[in-house]
Amino acid sequence: MAHEIFGGHHHSIVASRVAMLAHVLFLTTAVLMLVWLLHYRGGINIQSEDPEQIFNVHPFVMSWGFILLIGEAILAYSTIPMDHRTQKMAHMMIHLVGLILGIFGVYAAFKFHAAAVVPDLMSLHSWLGITAIALFGLQWLFGFVTFWLPAAHERTRNAAKPAHVMAGLAIFMLAVCAAQTGLVEKSAAAASAAEMKLINVTGIFILLYGVAVASAVAMRNAFS
């Protein structure tokens, strides 16, 4: 029994440290993305007459507003030192902001396609991205109805929790995969070797962030 208690405490500390590592990766990824878009791609402006500046809204919003925020929402139960209801509220609201920004990011991509006269939904990246957004929207609605509305029974919530956590992580990693395919496309079209390397490094940090978030949640759930 003592071994289980101390072992669980040890793994809880490790999970907390992994979550802190995820925060560091969050900040690094966000800075790298800004450097790429501002220094190499000319800025971010959804109202610009330059199609490239319109497009730049898409990776900015999808990284900062969708992938990174989703990860922070997933970690809310591990990193927010407050009661469970407050953690659940933060989890739900951060996810909602991420969903809204993700939809706006998709809008920016479609607006770029219209301005540049490029056909929509022709790449693997677009298919993965649209699928991730759609599944995430359904996941948020399911979570809101099941875990927030008072009508749901406690037995139903307990039964649905493992599937909700697993589906959430799967959708999160799908969004990470979508980001990787998008960055591969832009890396191939980079104007210089320096830009290509920056894009590749950004992709690596996004992947590491996804792994850190998933690892922290897996440790927390395994020993909670």
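Residues numbered from 1 in each chain as written. Predicted model: local features only at pLDDT ≥ 70, side-chain atom pairs only at ≥ 80, totals over all residues. Heavy atoms only, no water.

> Please give an account of the packing of aromatic side chains that cites residues and values.
All told, the structure shown has 8 aromatic pairs when counted by the stated rule. Note on Phe66 and Phe136: the rings are 5.4 Å apart at their centroids and 80 degrees apart in plane angle, and the pair reads as edge-to-face. With Phe66 in helix α2 (residues 51–74) and Phe136 in helix α5 (residues 124–148), this pair connects stretches of sequence that are 70 residues apart. Classification of Phe136 as buried rests on a relative accessible area of 5%. (Phe/Tyr/Trp six-rings, centres within 6.5 Å; stacked < 30°, edge-to-face > 60°. Helix = DSSP H or I, 4+ residues; strand = E, 2+ residues; numbered from the N terminus. Buried < 20%, exposed > 50% of the residue type's maximum accessible area, 1.4 Å probe, protein only.)

> Give a description of the pattern of salt bridges that names residues and reports values.
Applying the stated criterion across every chain, the model contains 2 salt bridges. Arg41 serves as the salt-bridge partner of Glu52, at 2.4 Å between the closest nitrogen and oxygen. Of this pair, Glu52 sits in helix α2 while Arg41 sits in the loop between α1 (2–40) and α2, and the two are 11 residues apart along the sequence. Judged by relative accessible area, which is 31%, Glu52 ranks as partly exposed. (Salt bridge = Lys/Arg side-chain N within 4 Å of Asp/Glu carboxyl O.)

> I'd like to hear about the packing of α2 against α5, residue by residue, with values.
The contact between α2 and α5 brings their axes to 13 Å, and the two run at 40 degrees. In terms of orientation, α2 and α5 fall into the oblique class. The interaxial crossing formed by α2 with α5 has left-handed handedness. Seen from α2, the contacting residues are His58, Met62, Phe66 and Ile70; seen from α5, they are His125, Ala132, Ile133 and Phe136. (Axes fitted to C-alpha atoms, helices over the stretch in contact; angles between N-to-C directions. Parallel < 35°, antiparallel > 145°, perpendicular 65-115°, else oblique. Left-handed = near helix turned anticlockwise from the far one by under 90°. Contact = heavy atoms within 4.5 Å.)

> Explain the UniProt feature "transmembrane region" (unreviewed entry) in the protein to me, and be specific about the residues and the numbers.
Residues given the UniProt feature "transmembrane region" (unreviewed entry) here are residues 20–40, 60–80, 92–110, 130–151, 163–183 and 198–219. What you have in residues 92–110 is 100% helix and 0% strand, and the ends, taken at the C-alpha atoms, are 27 Å apart. The annotated region residues 130–151 carries 86% helix and 0% strand content, and the separation between its end C-alpha atoms amounts to 31 Å. (UniProt positions renumbered as here; feature names shortened; annotations may be inferred.)

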